[in-house]
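So the chains spell out like this:
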Amino acid sequence: MNTQSTDVVIVGGGIVGVATAYLLGKAGINSVIIEKDSVGSHASGFAYGGLGRGVQPGPHTAIQSEGWKIHNEFALVLPEETGVDIQFRHRSSLSLAFTDAEVSNLQDNLNLHQLNGEVNAHWVDAEGAKNIESRISPEVIGGIYSEEGADVEPYRLMIALVQASERVGATVRNDRVIGLKTKAGHVEGVLLEKGDLSCQNVVLAMGPWSGEASSWINLPLEVRPLKGQILRLQTDEEPFTSSLRWSGNYATSKPDGLLWAGTTEEEAGFDDTPTSAGRDKIMASLLKMIPSVTEARLAQHTACLRPVSSDGLLVLGKVPETEGVYIATGAGRQGILMGPAMARVIADLITKDSTSIPIDKFDPSRFAKSS
């Protein structure tokens, strides 16, 4: 049955949109999620799912910390509410250095982490790194070992969030938004390919497609897609007990029995096709970290498009001049970590007209001011 009116319309069925629906439902507010494809069918469902505490100083620290907190809450409540195992687990990590420059960069990051309260992270030399994971490359000269991290299976998380959202009053509708209905500076609904839908609030959680909404809100949204590819590999190796990282690359043994490895950062427009070049790059990075996996067999090769703003910051908050419209996008490679916190911000703004999480730097109108 097509709902003709609702409290909130959420445009986009990724983690930000669905988590927003869940949090609003918990507050007694009904919503309809509009997704043109299927929920979790893009970056949110095909991400790696690595999570960190967000202790390194920067504009996103508060969002990262809140995301960490919410994920730990989700790990307790979502399986109980839905019966879906989201495969959340606390997990150590070993970040590797192969050169003196990489050592310097990692040690600078370690100092920042320790200054901000991450006490369970420390520097290890080559021997210490090998003691933690004997299969790493003999060329490794040191690294950071951290006990404070976690990961989750993103697609399972999305399934759980959808089911939990529906239990608290949300509806998912397969359609495409083509515009907004406004009157006297306030949103009154959305225009769909298959009809109209009335509402009091609209949340634009459209990921890398956010630019499509620029004309709806008369505001430039400088958000582009950043392509990333991931390999899932079968190996005869024993599972790795820590996640391994090096220079933006990672490898970790997941509960599905596969070794997940990634990733790429590609300016490829809206082309989300997995490529042999992407596969080869990931394998080269993997073999640099773990030379023993030469016989790994490809089980699955995925690619997705992450939303990145022109200045690298989130686009998060109220849309000016059109009351009742909110936007949340731009998390890039940290969409799974920051997505629930972005949802918390939007739910706070809708229910309380304020949020305790600092978002001034993420003002959606900043692109108009700089043009």
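The structure this text deals with has already been given above.
A brief structural summary. All figures in this text were calculated on a predicted structure; none of them were measured in a lab.

The rules behind these values
- Positions within a chain are numbered from 1, following the residues in the order the chain's sequence is written.
- Local features in this predicted model are restricted to residues of pLDDT 70 or higher, and side-chain atom pairs are both shown and tallied only at a pLDDT of 80 or more, whereas totals for entire chains, interfaces and linings draw on every residue.
- To obtain the side-chain values, all non-hydrogen atoms of the structure were included, while hydrogens and water were left out.
- Using only the protein atoms, space was sampled on a 1 Å grid; points where a 1.4 Å probe fits but cannot get out form cavities, open sets with protein on both sides within 12 Å along at least five of seven lines form pockets, and lining residues are those with an atom within 4 Å of a point.
- Grid points are joined across faces, edges and corners, and a volume is the space filled by probe spheres set on the points.
- Among buried residues, the Ala, Val, Leu, Ile, Met, Phe, Trp, Tyr and Cys ones that are joined through side-chain atoms within 4.5 Å form a nonpolar core.
- Remark: exposure states derive from per-residue accessible area (1.4 Å probe, protein chains only) relative to the maximum for the residue type, with buried under 20%, exposed over 50%, and partly exposed in between.
- Strands are runs of DSSP state E lasting at least two residues, helices are runs of H or I lasting at least four, and both sets are numbered from the N terminus onward.
- The contact criterion used is simple: two residues touch if any of their non-hydrogen atoms lie within 4.5 Å.
- The length a helix should cover is 1.5 Å for every residue beyond the first.

A look at the layout of surface pockets
Piece 1. As a volume, the second largest pocket reaches approximately 160 Å³.
Piece 2. P239, F240, S253, G257 and L258 are, among the 15 residues lining the second largest pocket, the residues nearest its centre.

Remarks on the nonpolar core
Across soluble globular proteins, you tend to see nonpolar side chains buried next to one another.
Piece 1. In this structure, I63, L157, L161, L316 and M342 are the most contacted members of the largest nonpolar core, which totals 54 residues.
Piece 2. Looking at this core, the elements with two or more residues in it are β1 (8–11), α1 (15–26), α2 (61–82), α5 (154–167), β20 (325–329) and α8 (335–352).
Piece 3. The greatest single-element share of this core, amounting to 11 residues, is contributed by α8.
Piece 4. Not counting residues within four places of it along the chain, the set of residues in contact with L161 comprises I15, V18, A19, Y22, F74 and L78.
Piece 5. V11, I34, V177 and A213 belong to the second largest nonpolar core, which has 25 residues in total.

Here we look at α1
Piece 1. Compared with an ideal rise of 1.5 Å per residue, which puts 12 residues at 16 Å, α1 spans 16 Å between its outermost C-alpha atoms and is within 8% of the ideal.
Piece 2. Those residues of α1 that fall on the buried side of the exposure criterion are I15, V16, G17, V18, A19, T20, A21, Y22, L23, L24 and G25.
Piece 3. G28 sits one or two residues past α1 and shows a positive phi near 85 degrees.

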